[in-house]
Amino acid sequence: MVLVEGGSFTMGTSLPEAKKAESPARTVSLNSFYISKFEVTQELFESVMGSSMSYFKGKNVPVNNLSWQQANYFIEQLNAQTGSHYRLPTEAEWEYAARGGNKSQGYLYSGSNDINKVGWYAGNARNRAQPVGMKKPNELGLYDMTGNVGEFVIDAFDENFYRYGPTDNPNNAKETDIGLAHKSVRGGSFSYDADESENFRRDFASQSVIMSDMGLRLVRDAD
């Protein structure tokens, strides 16, 4: 886990090519938190769960082919076994970490303006998940924040949240048993183009749908 020191940053964008859900740019303040250096690998996932349904196999390949609900069940089991309090990041935490936190150099992607240096995406991934840590890390030492597998966050997807949501530790988590409830997804994946993978990009998925290009990254509170 890497400590991300709290601070303020510009979340979202006002660029004309942004989708409605990705704007306007706004100043958000966050407390410190820890985030995992790598996406959760199959080795870690299977050490807790016994097995996975990963479509792209490999102990150092991110766990993939899972749903938001399954990702949270894994975290519940991990916490029960370790006595820790891991969770998914909020969207704001995810974007702050992807941008490099208070060490940000203002890159378009997580760690570079050249996506090929930092991410596995549609242009170089051969349509499959790749082992973690093969590309350059970002300013905080985090790998694969851009591309490889998409990363679930806590937040329910709301395209108007940037306009009306709070700016102090924003969190749009909503508990629901409805399988089609949409959750936010960040970071693009091996199937996304470069212009779908910038740090500000948002996507969403049903909380119960299983997708081959989706995985997760762990967070825990700093206090």
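Worth saying up front: this structure is predicted, and the values here are computed from it rather than measured.

A. Focus on helix 3 (residues 91–98). With respect to burial, helix 3 is a largely interior element, 8 of its 8 residues being buried. What helix 3 keeps buried is the set Glu91, Ala92, Glu93, Trp94, Glu95, Tyr96, Ala97 and Ala98. A positive phi of about 100 degrees marks Gly100, the residue just after helix 3.

B. Representation of the pattern of salt bridges in the model. Taken as a whole and assessed by the stated rule, the structure comprises 10 salt bridges. Put simply, Glu159 and Lys20 hold a salt bridge, and the shortest N to O gap is 3.4 Å. Here Glu159, found in the loop between strand 5 (150–156) and helix 5 (161–164), pairs with Lys20, found in the loop between strand 2 (7–11) and strand 3 (26–30); they are 139 residues apart in sequence, far enough to count as distant. Overall, Lys20 belongs to the partly exposed group, its relative accessible area being 45%.

C. Local environment of a negative patch on the surface. Taken together, Glu17, Asp193, Asp195 and Glu196 make up a surface patch of like negative charges. Structurally, the position occupied by Glu17 is in the loop between strand 2 and strand 3. Note on Glu17: relative accessible area 46%, which makes it partly exposed.

D. Fine view of the sheet that holds strand 4 (residues 33–35). Read across the sheet, 3 strands follow the order 1-4-9 without closing on themselves; strand pairing throughout is antiparallel. Unpaired on one side and paired on the other, strand 1 (2–4) and strand 9 (219–221) mark the two borders of the sheet. On average, each strand axis in the sheet is tilted by 30 degrees relative to the strand beside it, whichever way the strands run. Strands strand 1, strand 4 and strand 9 of the sheet are contacted by helix 3, whose axis makes an angle of about 70 degrees with strand 4.

E. Region of interest: the packing of aromatic side chains. For the structure shown, the criterion picks out 6 aromatic pairs. Each ring, one from Phe9 and one from Tyr96, has its centre 5.0 Å from the other, and the planes form 40 degrees; the classification is tilted. Of the two residues, Phe9 sits in strand 2 while Tyr96 sits in helix 3, which places them 87 residues apart along the sequence. Relative to Phe204, the ring of Phe157 has its centre 4.7 Å away and its plane inclined at 35 degrees; by these criteria the two rings are tilted. Taken as a pair, Phe157 in the loop between strand 5 and helix 5 and Phe204 in strand 7 (residues 202–206) lie far apart in primary sequence, 47 residues in all.

F. Inspection of the sheet that holds strand 6 (residues 182–186) at higher detail. Taken in spatial order, the 4 strands line up as 7-6-5-8 in an open sheet, and their pairing is mixed. Strand pairing shows two members of the sheet lacking a second neighbour, strand 7 and strand 8 (214–215), which therefore form its edges. Of the pairings in the sheet, the one linking strand 5 to strand 6 comprises 3 bridges and is antiparallel in character. Directly across from Phe152, in strand 6, lies its bridge partner Val185.

G. Representation of helix 2 (residues 68–82) within the structure. Its 15 residues place the ends of helix 2 21 Å apart at the C-alpha level, agreeing with the 21 Å of an ideal helix rising 1.5 Å per residue. What helix 2 keeps buried is the set Trp68, Ala71, Phe74, Ile75, Leu78 and Asn79. Take helix 2 and look down its axis: the buried residues cluster within an arc of 135 degrees, on one side only. Exposed residues on helix 2 whose side chains face more than 90 degrees from its buried face are Ala80 and Gln81. Contacts made by the buried residues of helix 2 are with helix 1 (42–49), strand 5 and strand 6.

H. Region of interest: the environment of Thr167. Among the secondary structure elements, Thr167 is positioned in the loop between helix 5 and strand 6. Considered as a pair, Thr167 and Arg26 are 141 residues apart in the sequence and their alpha carbons are 7.8 Å apart. Those residues in contact with Thr167, other than ones at most four positions away along the chain, are Arg26, Thr27, Val28 and Ser29.

I. Focus on the environment of Asp155. Tracing the chain through its elements places Asp155 in strand 5. By relative accessible area, which is 1% here, Asp155 ends up buried. C-alpha of Asp155 to C-alpha of Asn171: the two residues are 16 residues apart in sequence and 6.3 Å apart in space. Not counting chain neighbours up to four residues away, the residues in contact with Asp155 comprise Pro89, Thr90, Glu91, Phe161, Asn171, Asn172, Ala173, Lys183 and Ser184.

J. Structural view of the side chain of Ser112. Inspection of the secondary structure puts Ser112 in the loop between helix 3 and helix 4 (115–118). A relative accessible area of 7% places Ser112 in the buried class. Of note is the side chain of Ser112, whose polar atom sits 2.8 Å from the backbone nitrogen of Asp114. With residues up to four places along the chain from it excluded, the contact list for Ser112 reads Tyr107, Lys117 and Val118.

Conventions we followed
- Residues numbered from 1 in each chain as written.
- Predicted model: local features only at pLDDT ≥ 70, side-chain atom pairs only at ≥ 80, totals over all residues.
- Heavy atoms only, no water.
- Buried < 20%, exposed > 50% of the residue type's maximum accessible area, 1.4 Å probe, protein only.
- Helix = DSSP H or I, 4+ residues; strand = E, 2+ residues; numbered from the N terminus.
- Salt bridge = Lys/Arg side-chain N within 4 Å of Asp/Glu carboxyl O.
- Patch = residues over 30% accessible without salt bridge, like charges linked within 9 Å, V, L, I, M, F, W, Y side chains within 5 Å.
- Areas by Shrake-Rupley, 256 points an atom, 1.4 Å probe, with all protein chains shown as cover.
- Lys, Arg positive; Asp, Glu negative; His and termini not counted.
- Charge placed at Lys NZ, Arg CZ, Asp CG, Glu CD.
- Pairing = 2+ DSSP bridges.
- Axes fitted to C-alpha atoms, helices over the stretch in contact; angles between N-to-C directions.
- Contact = heavy atoms within 4.5 Å.
- Phe/Tyr/Trp six-rings, centres within 6.5 Å; stacked < 30°, edge-to-face > 60°.
- Expected span 1.5 Å × (residues − 1).
- Arc of directions from axis to C-beta.
- Polar contact = N/O pair within 3.5 Å; in protein donor to acceptor, adjacent residues only side chain to side chain.

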